[in-house]
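Inside the fold
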Amino acid sequence: MRRRRTVPPITIPTDSAALGYIAGLVDGEGNINISTAFCVGKSKSLSYHARVVITNTNELLMVWLLESLGGTIENRRHRKPNWKPSWNWAVYGDNAASLLKAIKPYLVIKKDQATLAMQLRSLQKIRGKKTPDAKAQTVLANIKADMNRLNARGVEVIEGHV
């Protein structure tokens, strides 16, 4: 049987300047998304995970986030040899929802993504550890699809407009 690793709760700042700064980092350098993983075992269903990631080439910033809030940092692979080294700072699940709840009033660009990620976590909290039934799986899949639309690259094409 696989044991889940326990992740310590992050520390949420209480001052508005820090919350605004972190929101600015998420808006400008970050990503709010929902990842999926296939559950092994009896249920054989998809599990959904809210995630907040900030990517930057300044290691000092990543260390500040880690020391101030918690979470994890990892070094990213270079896609091209002349690229600067970069790092990802990330929080998942409850930690992502807690952070988003605190910074949502300060978000400008990614407020809708924050709402969807928090909605996902609240639905998961209501259900507890029960395997989602078909209806719940559909709701979770729709939330993920909405998130993917918000995070899509490129120009949004609106029918009837050129």
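Residues numbered from 1 in each chain as written. Predicted model: local features only at pLDDT ≥ 70, side-chain atom pairs only at ≥ 80, totals over all residues. Heavy atoms only, no water.

What to know about the overall build of the protein chain
Across its full length, the protein chain carries five helices and four strands. When the helices and strands of the protein chain are placed in sequence order, the string is α-β-β-α-β-β-α-α-α. Looking at the protein chain residue by residue over its 162 residues, the buried ones come to 35%. Considering only contacts in the protein chain between residues 6 or more positions apart, those separated by 24 or more positions represent 61%. As displayed, the protein chain has an accessible area near 11200 Å², and 55% of this comes from carbon and sulfur atoms. (Helix = DSSP H or I, 4+ residues; strand = E, 2+ residues; numbered from the N terminus. Buried < 20%, exposed > 50% of the residue type's maximum accessible area, 1.4 Å probe, protein only. Contact = heavy atoms within 4.5 Å. Areas by Shrake-Rupley, 256 points an atom, 1.4 Å probe, with all protein chains shown as cover.)

Description of the sheet that holds strand E3 (residues 72-75)
Judged by pairing direction, the sheet is antiparallel, and its four strands sit side by side in the order E1-E2-E4-E3 without closing on themselves. At either margin of the open sheet sits one strand with a lone partner, and together these are strand E1 (30-38) and E3. On average, each strand axis in the sheet is tilted by 35 degrees relative to the strand beside it, whichever way the strands run. Bridge count between E3 and strand E4 (residues 87-92): four bridges; the pairing is antiparallel. Residue pairing across strands places Asn75 opposite Trp87, the latter belonging to E4. Lying over the sheet, helix H1 (residues 16-29) contacts E1 and strand E2 (46-56), oriented at roughly 100 degrees with respect to E2. (Pairing = 2+ DSSP bridges. Axes fitted to C-alpha atoms, helices over the stretch in contact; angles between N-to-C directions.)

Details of the packing of H1 against helix H2 (residues 59-68)
Orientation of H1 relative to H2, taken along the N-to-C sense of each, is 125 degrees, at an axis distance of 13 Å. The angle between H1 and H2 falls in the class oblique. Judged by the twist between their axes, the crossing of H1 over H2 is left-handed. Packed against H1, whose contacting residues are Tyr21, Ile22 and Leu25, the element H2 presents Leu61, Trp64 and Leu65 at the interface. (Parallel < 35°, antiparallel > 145°, perpendicular 65-115°, else oblique. Left-handed = near helix turned anticlockwise from the far one by under 90°.)

Quick notes on the side chain of Asp27
Residue placement: Asp27 occurs in helix H1. For the buried Asp27, no salt bridge is present, and the opposite-charge side chain at shortest range is Lys110, 5.3 Å distant. In terms of polar contacts, Asp27 uses its side chain to reach the backbone amide nitrogen of Val108, at 2.6 Å. What Asp27 contacts, discounting residues up to four positions off in sequence, is Tyr106, Leu107, Val108, Ile109 and Lys110. (Lys, Arg positive; Asp, Glu negative; His and termini not counted. Salt bridge = Lys/Arg side-chain N within 4 Å of Asp/Glu carboxyl O. Polar contact = N/O pair within 3.5 Å; in protein donor to acceptor, adjacent residues only side chain to side chain.)

Structural notes on the side chain of Asn95
Tracing the chain through its elements places Asn95 in helix H3 (residues 93-103). The class for Asn95 is buried, based on a relative accessible area of 9%. Discounting chain neighbours no more than four positions away, the residues touching Asn95 are Val7, Pro8, Pro9 and Ile10.

So, H1
The first and last C-alpha atoms of H1 sit 19 Å apart over 14 residues, in line with the 20 Å expected at 1.5 Å per residue. Within the sequence span of H1, burial applies to Ala18, Leu19, Ile22, Ala23, Leu25, Val26 and Asp27. On its buried face, H1 is in contact with E1, E2, H2 and H3. (Expected span 1.5 Å × (residues − 1).)

A word on the packing of aromatic side chains
The full count for this structure, using the stated rule, is one aromatic pair. Measuring from ring centre to ring centre gives 5.7 Å for Tyr21 and Trp64, while their planes differ by 75 degrees; the resulting arrangement is edge-to-face. With Tyr21 in helix H1 and Trp64 in helix H2, this pair connects stretches of sequence that are 43 residues apart. Taking the relative accessible area as the measure of exposure, Trp64 reaches 33% and is therefore partly exposed. (Phe/Tyr/Trp six-rings, centres within 6.5 Å; stacked < 30°, edge-to-face > 60°.)

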